[in-house]
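In case you want the letters, here they are:
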Amino acid sequence: PAGQPDITVLMSGDVLLRDTLWAQARADAQARGADGYDFRPMLAGVRDAVSGADVAICHLETPVGAAGGPYSDYPVFNVPPQIVPALDWVGYDACTTASNHTLDQGSAGIDRTLTALDRVGIAHAGSARTAREGDRTTVLTVHGARIALLSYTYGLNGFTRPDGSPWIVDLIEQRTILAEAKRARNDGADIVLVALHWGTEYRNDPTPQQRDLAEVLLDSPDIDLVYGHHAHVVQPFDRIGGKCIAYGLGNHLAEQFT
């Protein structure tokens, strides 16, 4: 709004835990005489930047498991839940959760993940436990400004949303995104951010489909910024019609082999 101070919004790349990373987190916990997993040392280098932003948003790509496991790596993930309090410790205010791995552990995995985020006070967008939750827009308020956060994925790696539960994870559907952005604006959002899990893995150049969708979305008066995940490499930043697009933010906490 006019007269309001500038707002800094930080978005980061994929948090995609592999077994090598949770082995390190176990070693870091043991080094301080504790059980379980400690992901804080791996994230400590970004803590000042994340906590210093007015709003910081992560992308939690995989579902979290129960406290005692068992945990699983690619292709069907189930990761240690200790990652969530570590993200809170770093300073994240919200996490997007719509990805091709959202349904790796079914609705139980979504329940665990969102409950873990709620427990530490991290907001979330992109998946839901109930129809009512799925119908609610995630809004972050800072310096009097209301920031709406929308999150969508291109697909679910062969899993399908349960019959009658389309709200369980948000898929990239142009008409739906435009309608939900319009609703967010009409409900009083000053800034509308759209996070998309899209593109081709390990490809730096955006696909034609990414470029086409970005143009349509940013042509809407209801969307202020579009940014992406999934490629696991950095994709270009650009402007379309005076608005910003970050096609892909790359990885944040991950270990990838190409």
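Above: the structure in question.
Bear in mind that the values here come from a model prediction, so they are computed numbers and not experimental data. (Residues numbered from 1 in each chain as written. Predicted model: local features only at pLDDT ≥ 70, side-chain atom pairs only at ≥ 80, totals over all residues. Heavy atoms only, no water.)

## Some words on the nonpolar core
Counting 35 residues, the largest nonpolar core has Leu17, Phe39, Leu60, Ile83, Leu87 and Leu253 as its most contacted members. Looking at this core, the elements that each hand over two or more residues are β1 (9-16), α1 (19-31), β2 (55-60), α4 (83-90) and α5 (106-120). At five residues, α4 tops the list of elements feeding residues into this core. Once residues lying within four places of it in the same chain are set aside, the contact partners of isoleucine 83 are Val15, Leu17, Phe39, Leu43, Val64 and Leu253. Core analysis: the next-biggest nonpolar cluster, separate from the first, contains 20 residues, Leu196, Ala214, Leu218 and Ile223 among them. (Core = buried A, V, L, I, M, F, W, Y, C linked by side-chain atoms within 4.5 Å. Buried < 20%, exposed > 50% of the residue type's maximum accessible area, 1.4 Å probe, protein only. Helix = DSSP H or I, 4+ residues; strand = E, 2+ residues; numbered from the N terminus. Contact = heavy atoms within 4.5 Å.)

## Overview of the pattern of salt bridges
Overall, the coordinates contain nine salt bridges when judged by the stated rule. A salt bridge links aspartate 38 to arginine 32, with the shortest nitrogen-to-oxygen separation between them at 2.8 Å. Accessibility expressed as a relative area gives 5% for aspartate 38, which makes it buried. In this structure, arginine 161 engages glutamate 173 in a salt bridge whose closest nitrogen and oxygen atoms are separated by 3.9 Å. With a gap of twelve residues between them, arginine 161 in the loop between β6 (145-153) and α7 (174-186) and glutamate 173 in the loop between β6 and α7 connect regions that are remote in the sequence. We classify arginine 161 as partly exposed; its relative accessible area is 23%. Via salt bridges that share partners, Asp118, Arg129, Glu133 and Arg136 belong to a single interconnected network. (Salt bridge = Lys/Arg side-chain N within 4 Å of Asp/Glu carboxyl O.)

## Some thoughts on the sheet that holds β1
The strand order across the open sheet formed by five strands is β4-β3-β2-β1-β11, and the pairing between neighbours is parallel. With one partner strand each, in any of the chains shown, β4 (123-125) and β11 (251-254) form the two edges of the open sheet. Strand-to-strand twist in this sheet, taken as the mean axis angle between neighbours without regard to direction, amounts to 25°. Sheet topology places β2 next to strand β3 (residues 94-96); three bridges connect them, and they run parallel. When the bridges of β3 are listed, isoleucine 57 appears paired with alanine 94. Each of β1, β2, β3 and β11 is contacted by α4, which is oriented at about 160° to β2, the strand it contacts most. (Pairing = 2+ DSSP bridges. Axes fitted to C-alpha atoms, helices over the stretch in contact; angles between N-to-C directions.)

So, to be careful, I would describe these as geometric facts and stop short of saying anything about function.
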